[in-house]
Amino acid sequence: MMAQSQDKFARNIAWVLIAILFLKVGSYFTVSESIVITRVVKVIVRLMATGWLILVLKQLQNRGNVTSFHWQNQAALFFYFGYLFLGLCSLLWSTKPGYSLLQLTMNTESFLFGFLFIKTYLVLRDFYPQRATRFSALLAPALFFILAIFVIGLFVNPDTFYRLTHGGEEARLGGYFMNPNELGMLAVIGLACSGMELYLGAPKVKHILMMAVMLFALVKTGSRSSMIGLALILGYFIFISKNRKLKLGMVAAGIAAVPLVVNTIIIKHGGLDEVLSMTGRLPFWKALLSEGLPKEPLFGFGYMRIAYTDAFQSVHTYAGKMTHNTFIQVLMNLGFVGFSIVLVQMIFTFSGVRKLSLQADRLFFIGLIIPLLINSFTEFGIFGETNFGILFYQLLIWLLVVKRNPLLTLKQKVILRKKRPDLYQSWVKG
């Protein structure tokens, strides 16, 4: 009876965490064409998600699930704090301190949320092993529900959920709610998480149906970069799979998707010339590095600032408020000093994946980092203006850094014996 009760409780907590992830990711969407309304809603939803998470963690602790943690791979955490600290210092020279502070506050808040979520996830995973809770099992349905809303909206109200591009000649899923490329990245991450679940033996029918909806959403976004990310993830799963049928199925799916990918990536408006210029990004990046960066090469224009004015302007390219490349964004924001810190931080983050003891966590890291990096080369990315890509990268950092401490204090042992006797023998005496 106790085991059944614990399993039911863990199942309920898992659904609560899915709902929290749904809210948190949803808080990055534009819910109204009014900037004021959107900002107010974003603040409320983010505070709700973080507050709810604190309550869940407290509830887990009250049931005797002692939360004792220690740090590993501390260098990745240290250099990320260094990046945020340099961003804070940049308020002294930022070309618009108020905007820099707003971006820094939002990214710091999501970093705190990531820490609390990873703590809660580890407690759920380690104290309720009968549930076999995996991060991908939490994130996949959360993203599915978000993308399902867009798919339904596409049929119910296409004028709102489509965004017209290329002078109104092309309609892409996203509307004013979200940049289609960002939405495409979200679909790829959802597909990757469901793919991980299938690989690890989760119920097939449920995840195949979820993947069908998310794949449809991805196609409707028309995102070239996201299609490339999906192809890379598909190739990775083919490489690691030991199931011949699964490999053949993935290869067949990849071959069948070639005409669609070619049509989406190459033949789509602009043709090959547009692809080779990365939709005009290459000239823009060249202007940023040759005209903008030399003006403030050491420490940049301030956190999330790329020019003395709100937009970078050049006679050779279009004007832009962001760089469409997270690494160039860091160069413009914080100069070569900030770029060096970010580069070292990423090296320690990527090298830390080897220390993840569970295969599910290693798969989750790789499945997320591929679309995040692809997106980082063409959009906001993991070090750009506030977006859910930053949140996912922060979650990966905390997943590498936070680890449950197997050594309990006397007080924790007493609590465990009283409230979790099912674990006391194996944890304390085993």
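Structural data are supplied above this passage.
What comes next concerns the included structure.

Quick notes on the rules
Residues numbered from 1 in each chain as written. Predicted model: local features only at pLDDT ≥ 70, side-chain atom pairs only at ≥ 80, totals over all residues. Heavy atoms only, no water. Helix = DSSP H or I, 4+ residues; strand = E, 2+ residues; numbered from the N terminus. Buried < 20%, exposed > 50% of the residue type's maximum accessible area, 1.4 Å probe, protein only. Contact = heavy atoms within 4.5 Å. Areas by Shrake-Rupley, 256 points an atom, 1.4 Å probe, with all protein chains shown as cover. Expected span 1.5 Å × (residues − 1). Polar contact = N/O pair within 3.5 Å; in protein donor to acceptor, adjacent residues only side chain to side chain. Axes fitted to C-alpha atoms, helices over the stretch in contact; angles between N-to-C directions. Parallel < 35°, antiparallel > 145°, perpendicular 65-115°, else oblique. Left-handed = near helix turned anticlockwise from the far one by under 90°. Nonpolar A, V, L, I, M, F, W, Y, C, P; charged D, E, K, R; others polar. Core = buried A, V, L, I, M, F, W, Y, C linked by side-chain atoms within 4.5 Å.

**Observations concerning the overall build of the protein chain**
1) Next: Counting its regular elements, the protein chain contains 17 helices and 6 strands.
2) Next: Each of the 430 residues in the protein chain was classed as buried or not, and the buried ones make up 52%.
3) Next: Taking contacts inside the protein chain between residues at least 6 apart in sequence as the whole, the part at least 24 apart equals 76%.
4) Next: Accessible area of the protein chain: about 19,700 Å², with a carbon and sulfur share of 68%.

**Overview of helix α13 (residues 326-351)**
1) Next: Across its 26 residues, α13 extends only 20 Å between first and last C-alpha, which sits more than 12% below the 38 Å expected from 1.5 Å per residue.
2) Next: For α13, the capping residue at the N-terminal end is N325, with a side-chain oxygen 2.9 Å from the backbone nitrogen of F327.

**Structural notes on the packing of helix α5 (residues 135-156) against helix α8 (residues 204-221)**
1) Next: The N-to-C vectors of α5 and α8 enclose an angle of 55°; their axes lie 9 Å apart at closest approach. Taken as axis vectors, α5 and α8 run oblique relative to one another. You can see that α5 and α8 cross each other, and the crossing is left-handed. Contacts between α5 and α8 involve A140, P141, F144, L147, A148, V151, L154 and F155 on the former and, on the latter, H207, M210, V213, M214, F216, A217 and K220.
2) Next: Its residues assigned to classes, the contact of α5 with α8 comprises 13 nonpolar, 1 polar and 1 charged.

**Focus: the nonpolar core**
1) Next: Formed by 103 residues in total, the largest nonpolar core has its most connected members in F29, Y83 and F392.
2) Next: The leading source of residues in this core is α5, at 13 residues.
3) Next: Here Y83 is in contact with Y303, M304, L334, I341, V342 and F383, once residues within four sequence places are set aside.
4) Next: Core analysis: the second largest hydrophobic core is formed by 12 residues, W285, L288, F301 and M332 among them.

**Comments concerning unusual backbone geometry**
1) Next: The backbone phi angle of N73 is positive, close to 50°, even though this residue is not glycine.
2) Next: Positive phi, normally seen in glycine, also occurs at M304, with a value near 65°.
3) Next: Counting through the fold element by element, M304 comes out in the loop between α12 (281-292) and β4 (312-314).

**Comments concerning the packing of helix α3 (residues 74-89) against helix α4 (residues 97-127)**
The description of two packed helices rests on the angle between their axes and on the distance between the axes.
1) Next: It is at 10 Å that the axes of α3 and α4 come closest, and there the two elements cross at 155°. Our classification of the angle between α3 and α4 gives roughly antiparallel. In the crossing of α3 with α4, the sense of the turn from one axis to the other is left-handed. Residues L77, Y80, F81, L84, G87 and L88 of α3 lie in contact with α4, whose contacting residues are L104, T108 and F111.
2) Next: By residue class, the composition of the contact of α3 with α4 is 7 nonpolar, 2 polar and no charged.

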